[in-house]
Amino acid sequence: QVRLVESGGGLVQAGGSLRLSCAASGSIFSLGGMGWYRQTHGRQRELVATITPGGNTNYAAAVKGRFTISRNNANNMTYLHMYNLTPEDTAVYYCNADVLAYGSTWKDYWGQGTPVTVSS
């Protein structure tokens, strides 16, 4: 069984910063692309940033230049550093990963989400 667990969300004032973490655990043989998505009430989940195992990154236009995604392949972690936050960044942030578990095939996994609230 594979689990993704996010942490680091919370309440921050506009202009502030937060760092989200995501830990992948379980019977992981290989970890592929990882990413962060966010969702607000009544809206579809949207991509925030992704990172390949080799470190290539991709960002949504709304966060480019303010957010930085990184990963530590040694301990199956991914991070999202968020700077200069605005109230529009308020959402539940979800970690996503492509995982090859032992005895399985590549599958897409999601964390439970961590809420981020940015006050004006």
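Structural data are supplied above this passage.
Residues numbered from 1 in each chain as written. Predicted model: local features only at pLDDT ≥ 70, side-chain atom pairs only at ≥ 80, totals over all residues. Heavy atoms only, no water.

Section: the environment of asparagine 58
Step number 1: Considering the arrangement of structural elements, one finds asparagine 58 in strand β6 (residues 57-59).
Step number 2: Distance in space between the C-alpha atoms of asparagine 58 and threonine 68 is 9.6 Å, their sequence separation being 10 residues.
Step number 3: Not counting residues within four places of it along the chain, the set of residues in contact with asparagine 58 comprises Leu47, Val48, Ala49 and Thr50. (Helix = DSSP H or I, 4+ residues; strand = E, 2+ residues; numbered from the N terminus. Contact = heavy atoms within 4.5 Å.)

Looking at the sheet that holds strand β8 (residues 77-82)
Step number 1: The strand order across the open sheet formed by four strands is β1-β3-β8-β7, and the pairing between neighbours is antiparallel. The sheet terminates laterally at β1 (2-7) and β7 (67-72), the two strands that pair on one side only. The mean angle between the axes of side-by-side strands here comes to 15°, regardless of whether they run parallel or antiparallel.
Step number 2: Here β1 runs beside strand β3 (residues 18-26); their pairing, made up of six bridges, is antiparallel. In the strand pairing of β3, glutamate 6 is matched with cysteine 22. (Pairing = 2+ DSSP bridges. Axes fitted to C-alpha atoms, helices over the stretch in contact; angles between N-to-C directions.)

Observations regarding the pattern of salt bridges
Step number 1: A complete count under the given rule lists three salt bridges for this structure.
Step number 2: Note that glutamate 46 is salt-bridged to arginine 38, the shortest N-O span being 2.7 Å.
Step number 3: Given the relative accessible area of 7%, arginine 38 is considered buried.
Step number 4: A salt bridge links aspartate 89 to arginine 38; the nearest nitrogen and oxygen atoms lie 2.9 Å apart. Residue aspartate 89 is found in the loop between β8 and β9 (91-101), and its partner arginine 38 is found in strand β4 (residues 28-39); the two are separated by 51 residues along the sequence.
Step number 5: Overall, the relative accessible area of 1% leaves aspartate 89 in the buried class. (Salt bridge = Lys/Arg side-chain N within 4 Å of Asp/Glu carboxyl O. Buried < 20%, exposed > 50% of the residue type's maximum accessible area, 1.4 Å probe, protein only.)

Here's the deal with the packing of aromatic side chains
Step number 1: In the structure shown here, the tally under the stated rule is two aromatic pairs.
Step number 2: Considering the side-chain rings of tyrosine 37 and tryptophan 110, the 5.0 Å spacing of their centres and the 65° angle between planes classify their relative orientation as edge-to-face. Note that tyrosine 37 is positioned in strand β4 and tryptophan 110 in strand β10 (residues 106-110), a separation of 73 residues in sequence.
Step number 3: With relative accessibility at 36%, the residue tryptophan 110 sits in the partly exposed group.
Step number 4: Of note, arginine 45 hangs over the ring of tyrosine 94, and the distance from its end group to the ring centre comes to 3.7 Å. (Phe/Tyr/Trp six-rings, centres within 6.5 Å; stacked < 30°, edge-to-face > 60°. Lys NZ or Arg CZ within 6 Å of the ring centre and 35° of its normal.)

As for unusual backbone geometry
Step number 1: Of note, asparagine 76 is a non-glycine position whose phi angle comes to about 55°, a positive value.
Step number 2: Here asparagine 76 shows up in the loop between β7 and β8.
Step number 3: One non-glycine residue, asparagine 84, adopts positive backbone phi at about 50°.
Step number 4: Mapping asparagine 84 onto the fold places it in the loop between β8 and β9.

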